[in-house]
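Summary of structural features
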Amino acid sequence: MGGSSWVTTVGRQRGPWLLWVALTVVFGGVGYRQLVHEAAHLPTMATGRDATSDTWLQVLEIPHPAAAVRAALADLPDDAALVVVASPDSVPKLTSMVITMLAWPHQVGFVLCNDDGTASPEIMPAGHVSAVLQYRHGDAYEHMAVGTTPTVRVGDSDLPSVGIGPALQLIHGTDTTAWPSYCSL
Amino acid sequence: MAVVLFALALAVAGWSGLGLTLLLWGRAPRRLPGLGELSCYSFLLGTANVAVTMQVTGWVTSAVPALTVIESAALGAFGVVARRATLVALVRRRPTRRDCWWAAATVGSIALMGSVVLWFSLHTSLEWDGLTVWFMKAQLAATHHGRIPLAYYSDATREWSAPNHPVYLPLLSSWIFGWMGHTSEYAIKALFPLHLVASAGLLAGTATRITGRRALGVLAPLLLLATPALVHGPGSAASGYADVSMAAFYLATVVAGIEVLRNDGGAGATHARRLFATLGVVLPLVKMEGAMQYGVVLLVVSRVLVVRGGRAGAARRATARSVLLLAAPFLVTVACWRLLLSSRHVAATGDMLPVTPSNLISQLDRTGVLLSSLGRELTNWDRWSVLWVWCAVAMAWWLVTRRGHQRLLLPLLIVVPMALDVGVFYFSSWSPVEAHVDSTLFRLLIHITPVAVLLVVLSFPALTARPHGMAAAEVSSPG
């Protein structure tokens, strides 16, 4: 079959050739200049198996936050669902997604607490919620060393909790725990 | 050690791809591409073979990684043994010193492009979809014996991670993690630049083979590198998105489609069609848009075959058989994938409305917004340099200087997907639609970027009047 029709049928092409050379120069000049500009502004990023997750969990203000979250959730039964509680402007959406990713196989809901104490549930798990991950901007949990288990009053019960760095607290419920309001914890 | 195991995982995949590519090329193709194109096809088809094998074996057994290793090793060995004459003919080529210099320059330009892209990739995080859509599934598969657990598909709290997206990248990544012994958000970023390198190799090989002008083979990878959207930012090879992979497979399909038409009626016709049809299995598994992309190439190539075939009864039947061979694997794959999603009750993401005439009619008033967004995007120099302006000029020149059915082929394979990429936003559920277009359209354009570069390169005018045949860069049949 006529392969020759894939190449030009025109002979000498000095004018168009010069145009193509000029476009090559402009194309390369604009493109490479942009790349050099972007290369100069790249942030320093973490390496390692949790490189991206750790970047998005920097708001937790602890070293190796992904590993810390994974370790804190490791003792929960596989079928335990949990809810992440945060204020609307404190946690980027991707942060909650990263926590959900790390929390497999648990179902993970996400509740935003407004300034007036009302809740805006973004996603809620289908099953019973057995634990709550509470994020507070700043150093609300700085006094809670990792591994200590101060209790949190929820309804009529005192529930154990664990600090995962200065901004994140894991509150362990039970199979029967009723959470009256995630925003009043 | 992790680097070695990473490379080993890809080497095993590439071995299976080598066998598959040789089997598809056949014993006696009329025009045999070179070792560069063989390497690119081996990478693309080998990685696709791994993903497909993992998906299929995952339905029946939990020994997915072991079976995939066995299948890959066997496929590679079978292909190499059965088609050793083809391989020997390629290896025994006696290039001139001049050929060697040109080959070294081409490899150098691809290596330069690959190194810069890899540098960007290793200095940036996975972007949003790279982590939450693709890596998340890969991690799940890696920690569940190479299978994405069924519970994931019914987990309403993870719907944002798009469970309906295809499995090529997640399963390929989990294959690599299986060899490494652990998942890694850092190491996996080296996978995506390899797809861009494969695109560069295919571009260089195709441009050289078709035009006989080896300088174009050196230029093509550097043009890819000069397109910032491919190198940095969401959708790029550094982001962990599937768009650069999709672009590589779309380019491979377009090149295979060109070969179908170039070989039509010749000795290599059947093998060219088999390669093209095999890519029809792969594209829908890379990204959801893959089905649309393959459909476009299939329609355009089929149209040319039908027009060429004539109206006589026997010729008509032969053409129908050819078109059926090209379409059947693709249609079966799409049907199986849809069946799988429906059996797992996977809902579509809420970003799109159902594709119905009434939804289209009700959103026609978006036309102005969509066209202006497209115009703004195509002239975004920071993202594309002057690629699309150059592509438009090249298209006009191509239409003026080419004859026959090929005249419209490449322009259509750029313009039609681009129109569909824009048209899909008639069905966006976002309001206002601009935010959806601005965050997505440029990534869809990445899919057709290597084909746009191919058109620009192929249409590069000749300075001298000497005819540029294709035989210069091709070897004769070993048979």
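Conventions adopted
- Within every chain, residues take consecutive numbers counted from 1 along the sequence as written.
- Whichever chain is written first is A, and whichever ligand is written first is 1; the rest continue in order.
- Totals for whole chains, interfaces and linings use every residue, but because this is a predicted model, local features are given only for residues with pLDDT of at least 70 and side-chain atom pairs only at 80 or more, for both listing and counting.
- Side-chain measures here rest on the full set of heavy atoms in the structure, leaving out hydrogens and waters.
- By definition in these notes, contact holds between two residues if any of their heavy atoms fall within 4.5 Å.
- A pair is scored as a salt bridge if a Lys or Arg side-chain nitrogen falls within 4 Å of a carboxyl oxygen belonging to Asp or Glu.
- For this analysis, a polar contact is any N or O atom pair within 3.5 Å, provided that within protein one partner can donate a hydrogen and the other can accept it, and provided that sequence-adjacent residues contribute only side-chain to side-chain pairs.
- Elements are defined by DSSP. Helices are runs of H or I of four residues or more, strands are runs of E of two residues or more, and each kind is numbered from the N terminus.
- Classification convention: Asp, Glu, Lys, Arg as charged; Ala, Val, Leu, Ile, Met, Phe, Trp, Tyr, Cys, Pro as nonpolar; all other residues, Gly among them, as polar.
- Strands are treated as partners if at least two bridges between them are detected by DSSP.
- Think of it in three bands: with a 1.4 Å probe and only protein chains considered, a residue is buried below 20% of the maximum accessible area for its type, exposed above 50%, and partly exposed in between.
- Two cysteine sulfurs form a disulfide in these notes if their separation is within 2.5 Å.
- Think of each axis as a best-fit line through the C-alpha atoms, taken over the contacting stretch in the case of a helix, with angles from 0 to 180 degrees between the N-to-C directions.
- Should an angle lie under 35 degrees it is considered roughly parallel, over 145 roughly antiparallel, and from 65 to 115 roughly perpendicular; all remaining angles are considered oblique.
- In this scheme, a crossing is called left-handed if the near helix is turned counterclockwise away from the far one by less than a right angle; it is called right-handed if the turn is clockwise.

Before going further, it helps to examine the interface of chain A and chain B. Across the boundary between the two partners, chain A contributes 59 residues, which contact 73 residues of chain B. At the boundary of chain A and chain B, one finds zero salt bridges. The interface formed by chain A and chain B contains 15 residue pairs in polar contact (both at pLDDT 80 or more). Looking at the side of chain A that touches chain B, the elements with two or more residues in it are helix 1 (14-40), helix 2 (51-56), helix 4 (93-102) and strand 2 (108-113) of chain A. Considering each element in turn, the side of chain A that touches chain B owes the most residues, 18 residues, to helix 1 of chain A. A class-by-class count of the residues in the side of chain A that touches chain B yields 31 nonpolar, 21 polar and seven charged.

On to the pairing of strand 3 (residues 119-123) of chain A, then. All names here are of chain A. Across four bridges, strand 2 lies against strand 3 in antiparallel orientation. Each residue of the ladder has a partner; that of Leu112, found in strand 3, is Ser120. Counted along the chain from strand 2 to the antiparallel partner strand 3, the turn is five residues long, and its residue Gly117 has a positive phi close to 90°.

Residues and elements named next belong to chain B. Positionally, Pro170 belongs in helix 8 (residues 168-180). For Pro170, a relative accessible area of 0% corresponds to the buried category. With 113 residues separating them in the primary sequence, Pro170 and Thr57 have C-alpha atoms 15 Å apart. The contacts of Pro170, once residues within four sequence positions are left out, are Trp134, Lys137, Ala138 and Ile148.

Before going further, it helps to spend a moment on the pattern of salt bridges. Tallying each qualifying case throughout the model produces 13 salt bridges over all chains. Two residues, Asp158 of chain A and Arg153 of chain A, come together in a salt bridge whose shortest N-O distance is 3.2 Å. Judged by its relative accessible area of 51%, Arg153 of chain A falls in the exposed class. Lys287 of chain B is the salt-bridge partner of Asp243 of chain B, the closest N and O atoms lying 3.0 Å from each other. Here Lys287 of chain B lies in the loop between helix 13 (269-286) and helix 14 (289-309) and Asp243 of chain B lies in helix 12 (residues 243-263), a separation of 44 residues in the sequence. Pair check on accessibility: Asp243 of chain B and Lys287 of chain B agree, each one buried. One connected set of salt bridges, linked through shared partners, spans Asp129, Asp243, Lys287, Glu289 and Arg443 of chain B.

Residues and elements named next belong to chain A. In the structure shown here, the tally under the stated rule is one disulfide over all chains. Sulfur-sulfur distance for the disulfide between Cys113 and Cys183 comes to 2.0 Å. Measuring the twist about the S-S bond at about -90°, one finds the Cys113-Cys183 disulfide to be left-handed. One end of the pair, Cys113, is in strand 2; the other, Cys183, is in the segment after strand 7 (168-172), and 70 residues separate them in sequence.

All names here are of chain B. Where helix 9 (residues 191-211) contacts helix 21 (residues 434-458), the axes come no closer than 10 Å and their chain directions differ by 25°. Taken together, the axes of helix 9 and helix 21 are roughly parallel relative to one another. Every pair of crossing elements has a handedness; the one defined by helix 9 and helix 21 is right-handed. Facing helix 9, whose interface residues are Ser199, Leu203, Thr206, Ala207, Ile210 and Thr211, helix 21 presents Pro450, Val453, Leu454, Val457 and Leu458. Per-class residue counts for the contact of helix 9 with helix 21 are eight nonpolar, three polar and no charged.

Just distances and angles here, no functional claims.
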